[in-house]
Amino acid sequence: MTPLPALAALAPEMTAWRRDIHAHPELSGQESRTAKLVFDVLEGLGLKPEGGIGGEGVVAVVEGREPGPSIGLRADMDALPMNDDSQVPHASTKPGVSHACGHDGHTATLLGVARHLAANPPARGRVVLIFQPAEETGLGAVAMIEDGLFDRYPCDEVYGYHNMPLLPLGEAAVHTGPTMNGYKVWEIDIQGVGGHGAAPHKTKDPVQAAVRVASEISSIVGRHVDPMEPALITVTKLQAGSSHNVVPHEASLAGTLRATSSDVIETMWQKLQDICAGVGVMTGCTVTVRETAGVPPVFNAAAQADVAAAAAGGVFGADKVHRDLKPYPFTDDFAYMLQIAPGAYFFVGQGGTMVHQTAYDFNDDLLPNVASVFARIVEAKLS
């Protein structure tokens with residue numbers, strides 16, 4: 001890996017920011033301390049940050065020396081509701097909250113880019129630095145957009161990244177077209193009539209309804225989606241009952257459905273609603289399904305994907321940048337920003353423990369290197 005010398009020199013400062021944020025994680029929509037840290041650093045660089053955009057979002061602009069295009073760079077700031085078992089000195093000080101997805105590293109990376117660009121502004125145009133809250137809930141990008149993000153800070157192109165333990169350290173990936181799945185988060189409430197476990201015929205059993213819904217869900221991908229289309233639907237929660245001899249009054253399920261095609265997502269969503277309606281008729285229970293969050297697929301524009309790949313190649317080596325990997329099944333609400341302006345979302349390998357595991361920790365070696373990728377994107381577009 002070959003970071004730009006100026007950014008290599010900033011590695012200790014970026015690491016300090018990253019570890020401070022890691023030790024003080026904040027859940028989606030609650031990123032007040034992190035947002036203040038970001039705001040204070042940007043203000044200390046002589047920039048004029050604006051906070052409170054879409055909740056805890058922070059934006060600052062680095063102006064070029066001459067007029068030109070506007071390039072948006074985005075980092076997410078929120079943590080996850082899970083323990084930190086990483087055993088590192090900077091481990092989370094908040095039980096049940098941790099930066100197990102590396103957003104602390106993403107934020108520190110963009111702060112490093114801000115410091116570099118403040119001292120070395122582009123020849124033309126402007127760089128919009130976007131620090132986004134609430135990515136994990138899929139609500140942060142939309143909140144910023146609806147709060148006027150791109151009205152106040154128009155962007156001709158936007159770029160973002162994610163660390164990727166599935167790739168070895170020193171490698172990167174940039175895909176043209178569908179890059180990550182879109183998804184819907186769904187919850188199902190089942191209301192029945194409870195009773196004694198020895199007289200189930202006198203009940204409307206929500207447990208039976210829940211089991212049937214869960215079973216039928218597995219047929220959606222196998223029978224209602226083109227087998228050549230990537231699609232995934234997962235039941236992650238099923239709750240009911242409190243005793244061995246009581247049929248409960250209610251049950252609930254929750255999960256996600258994911259695909260790289262918005263049309264496939266809508267097909268699965270419609271079939272899920274049909275299943276719930278059918279099971280309701282069959283069991284006599286009231287089965288209600290609702291969408292609690294939704295994110296479209298991440299779609300990289302070809303020209304911007306090429307720019308990101310070339311920039312990554314300048315840091316990691318062109319032979320270390322994968323262009324042909326299949327789309328990842330994960331999601332990111334950066335997809336909404338890509339619907340406003342063409343852009344690219346790239347992945348940088350770090351190996352080790354997978355994200356969303358309690359032992360995960362961001363690899364600080366990435367900080368100056370990914371910051372250099374962003375700096376090269378800016379140089380390529382605004383030189």
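Residues numbered from 1 in each chain as written. Predicted model: local features only at pLDDT ≥ 70, side-chain atom pairs only at ≥ 80, totals over all residues. Heavy atoms only, no water.

**Comments concerning helix α8 (residues 262-283)**
Thinking step 1. When the terminal C-alpha atoms of α8 are compared, their 32 Å separation across 22 residues agrees well with the 32 Å that a helix rising 1.5 Å per residue should span.
Thinking step 2. For α8, the secondary structure elements touched by its buried residues are β8 (182-191), α7 (206-224), β10 (231-240), β12 (250-259) and β13 (286-295).
Thinking step 3. Between the side-chain oxygen of the N-cap and the backbone nitrogen of Asp263 there are 3.2 Å, and the N-cap of α8 in question is Ser261.
Thinking step 4. Positive backbone phi, at 80 degrees, marks Gly284, one or two positions downstream of α8. (Helix = DSSP H or I, 4+ residues; strand = E, 2+ residues; numbered from the N terminus. Expected span 1.5 Å × (residues − 1). Contact = heavy atoms within 4.5 Å. Polar contact = N/O pair within 3.5 Å; in protein donor to acceptor, adjacent residues only side chain to side chain.)

**Details of the sheet that holds strand β2 (residues 57-63)**
Thinking step 1. In spatial order, the strands read β1-β2-β4-β3-β5-β16-β6-β15; together these eight strands make up an open sheet with mixed pairing. Looking along the sheet, the strands with just one partner apiece sit at the ends: β1 (50-53) and β15 (321-322).
Thinking step 2. The pairing of β1 with β2 spans two bridges and is classified as antiparallel. Within the sheet, the bridge partner assigned to Glu50 lies in β2 and is Val59.
Thinking step 3. Against the sheet, helix α4 (residues 103-119) engages β2, β3 (66-76), β4 (124-132) and β5 (157-164), with an angle of about 155 degrees to β3.
Thinking step 4. Contacts between helix α9 (residues 302-316) and the sheet are confined to β5, β6 (172-173), β15 and β16 (343-349), with β16 contributing the most and set at about 30 degrees to the helix. (Pairing = 2+ DSSP bridges. Axes fitted to C-alpha atoms, helices over the stretch in contact; angles between N-to-C directions.)

**Focus on the packing of helix α2 (residues 11-23) against α4**
Thinking step 1. Packing of α2 against α4 leaves a shortest axis separation of 8 Å and a crossing angle of 145 degrees. Handedness of the α2/α4 crossing: right-handed. Counting all contacts with α2, which are made through Glu13, Met14, Trp17, Arg18, Ile21 and His22, the residues of α4 involved are Asp104, Gly105, Thr107, Ala108, Thr109, Leu111, Gly112 and Arg115.
Thinking step 2. A per-class count over the contact of α2 with α4 returns five nonpolar, five polar and four charged. (Left-handed = near helix turned anticlockwise from the far one by under 90°. Nonpolar A, V, L, I, M, F, W, Y, C, P; charged D, E, K, R; others polar.)

**Notes on the state of the cysteines**
Thinking step 1. Throughout the structure, instances matching the rule amount to zero disulfides.
Thinking step 2. Free cysteine Cys285: the closest other cysteine sulfur is in Cys276, separated by 12 Å. (Disulfide = S-S within 2.5 Å.)

**A closer look at the packing of α4 against helix α11 (residues 366-382)**
Thinking step 1. Contact pair α4 / α11: the axes reach a minimum separation of 9 Å and the direction vectors enclose 50 degrees. The orientation of α4 relative to α11 falls into the category oblique. Viewed along their axes, α4 and α11 form a crossing whose handedness is right-handed. On α11, the residues touching Gly105, Ala108, Thr109, Val113, His116 and Leu117 of α4 are Leu367, Val370, Ala371, Phe374, Ala375 and Val378. (Parallel < 35°, antiparallel > 145°, perpendicular 65-115°, else oblique.)

**Concerning α4**
Thinking step 1. An ideal rise of 1.5 Å per residue puts 24 Å on 17 residues; α4 measures up with 25 Å between its terminal C-alpha atoms.
Thinking step 2. The buried count for α4 comes to 14 of 17 residues, which makes it a mostly enclosed element. (Buried < 20%, exposed > 50% of the residue type's maximum accessible area, 1.4 Å probe, protein only.)

**Notes on the UniProt feature "domain: Peptidase M20 dimerisation" (unreviewed entry) in the chain**
Thinking step 1. Under the UniProt annotation, the feature "domain: Peptidase M20 dimerisation" (unreviewed entry) is placed at residues 182-277.
Thinking step 2. The span residues 182-277 is 36% helical and 35% strand by assignment, and the distance between its end C-alpha atoms comes to 25 Å. (UniProt positions renumbered as here; feature names shortened; annotations may be inferred.)

**A few points about the packing of aromatic side chains**
Thinking step 1. Scanning the model with the defined rule gives seven aromatic pairs in all.
Thinking step 2. Ring centres of Tyr161 and Phe346 lie 5.8 Å apart, and the angle between their planes is 20 degrees; on these two criteria the pair is classed as stacked. Remark: Phe346 occurs in strand β16 and Tyr161 occurs in strand β5; sequence separation between them is 185 residues. The same class applies to Tyr161 as to Phe346, namely buried.
Thinking step 3. Ring centres of Phe334 and Tyr345 lie 5.7 Å apart, and the angle between their planes is 40 degrees; on these two criteria the pair is classed as tilted. Taken together, the residues span a long stretch of sequence, with Phe334 in helix α10 (residues 334-340) and Tyr345 in strand β16 at a distance of 11 residues. Of the two residues examined, Phe334 and Tyr345, each falls in the buried class.
Thinking step 4. Through successive ring pairs, a cluster of aromatic residues spans Tyr328, Phe330, Phe334, Tyr345 and Phe347. (Phe/Tyr/Trp six-rings, centres within 6.5 Å; stacked < 30°, edge-to-face > 60°.)

**Regarding the nonpolar core**
Thinking step 1. Core analysis: the biggest nonpolar cluster contains 91 residues, and Leu42, Leu73, Leu129, Phe131 and Phe346 have the highest contact counts within it.
Thinking step 2. Per element, the largest residue contribution to this core is 10 residues, and it comes from α11.
Thinking step 3. Counting residues in each nonpolar core, the second largest holds 25 residues, with Ala209, Val225, Ile265 and Met268 among its members. (Core = buried A, V, L, I, M, F, W, Y, C linked by side-chain atoms within 4.5 Å.)

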